[in-house]
Amino acid sequence: MTPNLLTMINRSVGDDLVMAVARRLGESDAATRLAIDGLVPVLIGCMAQRAASIDGAKSLLRIISSVTVDTKILETPGKLLAEDTGALERLITMGPGILGTLLDTQATQLAGAVASISGLSVSSASWLSAFMASLVCAIVAKEARKLNANGLQSLMMGQRAPLQGALDRRILMALGVKSLNSYLAEVNGGNGGSHSSRLPETASTQSASGSTLSNAWLIGGALFIAALVAWTLSI
């Protein structure tokens, strides 16, 4: 049976980690929890999207293998911010590069969307997005430590069902996403083996009523979230 990465990571990200991150950022526990709950499925979905092709799976294997931290600390991630193990600084340092690799140019848009649905400042959401990208990759790497690219691809493709419905629907409403069908052909293998985070061009870019999102990241964010949600609905 394929491990449920979403459940595994959510269990790892307990209250201790949430409170420690919130204190570091100067944000509330509640807002930090909302942000993490929104980020985890997006990050797993992006990784699974990349692994849809064997070349993408090889690329993802290189990415997660680059996150070198003591696997024991991953059993209790809350200790990352409470103990001087060096693991925290490595995750923080690697985070922006990993996030940029996974999302290409969409990292800024993701931070803006997370800030909007959680109440975090954009700078806090940006830091948290990078940190969680490293942490999620590290946890996936631990689970996939004995897998080759084919095995990793199988693991990530097995996340489709758990991810379905896990993405925060408030993000979708705020971004005005209306059409999910345009991305289905690509996620079903119609991308010619490419593992880039190429986005559909037909997703709606009209913001929902009352949205506080700015036009600068509205279009990119809507396309990115539409792509991931379309992928999860392709089963």
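Residues numbered from 1 in each chain as written. Predicted model: local features only at pLDDT ≥ 70, side-chain atom pairs only at ≥ 80, totals over all residues. Heavy atoms only, no water.

1. A closer look at the overall build of the protein
Helix and strand counts for the protein stand at 12 helices and 0 strands. Reading the helices (α) and strands (β) of the protein from amino to carboxyl end gives α-α-α-α-α-α-α-α-α-α-α-α. Each of the 235 residues in the protein was classed as buried or not, and the buried ones make up 53%. Long-range contacts, defined here as pairs at least 24 residues apart, represent 80% of the contacts in the protein between residues at least 6 apart. Surface exposure of the protein reaches about 10,100 Å², of which carbon and sulfur atoms provide 51%. (Helix = DSSP H or I, 4+ residues; strand = E, 2+ residues; numbered from the N terminus. Buried < 20%, exposed > 50% of the residue type's maximum accessible area, 1.4 Å probe, protein only. Contact = heavy atoms within 4.5 Å. Areas by Shrake-Rupley, 256 points an atom, 1.4 Å probe, with all protein chains shown as cover.)

2. Points about the state of the cysteines
For the structure on display, the rule yields 0 disulfides. Here Cys137 is not cross-linked by a disulfide; its sulfur's nearest cysteine counterpart is in Cys46, at 9.3 Å. (Disulfide = S-S within 2.5 Å.)

3. Brief notes about the pattern of salt bridges
Applying the stated criterion across every chain, the model contains 2 salt bridges. With its nearest N and O atoms 3.7 Å apart, the salt bridge here joins Asp15 to Arg33. One end of the pair, Asp15, is in helix α2 (residues 15-25); the other, Arg33, is in helix α3 (residues 29-50), and 18 residues separate them in sequence. On the accessibility criterion, Arg33 (22% relative accessible area) is partly exposed. Where Asp37 meets Arg33, a salt bridge forms, and the shortest distance between an N and an O atom there is 3.4 Å. On the criterion of helical spacing, the pair formed by Asp37 and Arg33 is a turn pair, its members being 4 residues apart in helix α3. In this structure Asp37 comes out as partly exposed when scored by relative accessible area, which is 37%. Among the charged side chains, a salt-bridge network with shared partners connects Asp15, Arg33 and Asp37. (Salt bridge = Lys/Arg side-chain N within 4 Å of Asp/Glu carboxyl O.)

4. Re the confidence of the model for the protein
Mean pLDDT over the protein: 74, with 65% of residues reaching 70 or higher. For the stretch residues 174-222, pLDDT sits under 50, and the model shows 90 contacts to residues farther than four places along the chain or on other chains. (pLDDT = per-residue confidence, 0-100.)

5. Considerations on the packing of helix α1 (residues 5-12) against helix α7 (residues 122-143)
Orientation of α1 relative to α7, taken along the N-to-C sense of each, is 120 degrees, at an axis distance of 11 Å. In this view, α1 runs oblique relative to α7, as classed from their interaxial angle. In terms of crossing hand, the pair formed by α1 and α7 is right-handed. Together, Leu5, Met8, Ile9 and Ser12 of α1 and Val136, Ile139, Val140 and Glu143 of α7 make up the contact between the two elements. By residue class, the composition of the contact of α1 with α7 is 6 nonpolar, 1 polar and 1 charged. (Axes fitted to C-alpha atoms, helices over the stretch in contact; angles between N-to-C directions. Parallel < 35°, antiparallel > 145°, perpendicular 65-115°, else oblique. Left-handed = near helix turned anticlockwise from the far one by under 90°. Nonpolar A, V, L, I, M, F, W, Y, C, P; charged D, E, K, R; others polar.)

6. Points about the nonpolar core
By size, the foremost hydrophobic cluster in this structure holds 61 residues, and its most contacted members are Leu128, Phe131, Met132 and Met156. Secondary structure elements with two or more residues in this core: α1, α2, α3, α4 (54-65), α5 (87-103), α6 (107-118), α7 and α8 (149-157). Ranked by residues supplied to this core, first place goes to α7 with 13 residues. Setting aside residues up to four positions removed in sequence, Leu128 forms contacts with Val21, Leu25, Thr32, Ala35, Ile36, Leu39 and Leu120. (Core = buried A, V, L, I, M, F, W, Y, C linked by side-chain atoms within 4.5 Å.)

7. A closer look at the packing of aromatic side chains
Taken as a whole and judged by the stated rule, the model has 1 aromatic pair. Look at Trp127 and Phe131: their rings are 5.2 Å apart centre to centre, the planes differ by 15 degrees, and that puts the pair in the stacked class. In this pair, Trp127 and Phe131 both sit in helix α7, 4 residues apart, roughly one turn of the helix. (Phe/Tyr/Trp six-rings, centres within 6.5 Å; stacked < 30°, edge-to-face > 60°.)

8. Notes on α6
Taking 1.5 Å per residue, 12 residues should reach 16 Å; α6 reaches 16 Å between its end C-alpha atoms and fits that length. Counting buried residues along α6, 10 of its 12 residues qualify, which places the element largely inside the surrounding structure. (Expected span 1.5 Å × (residues − 1).)

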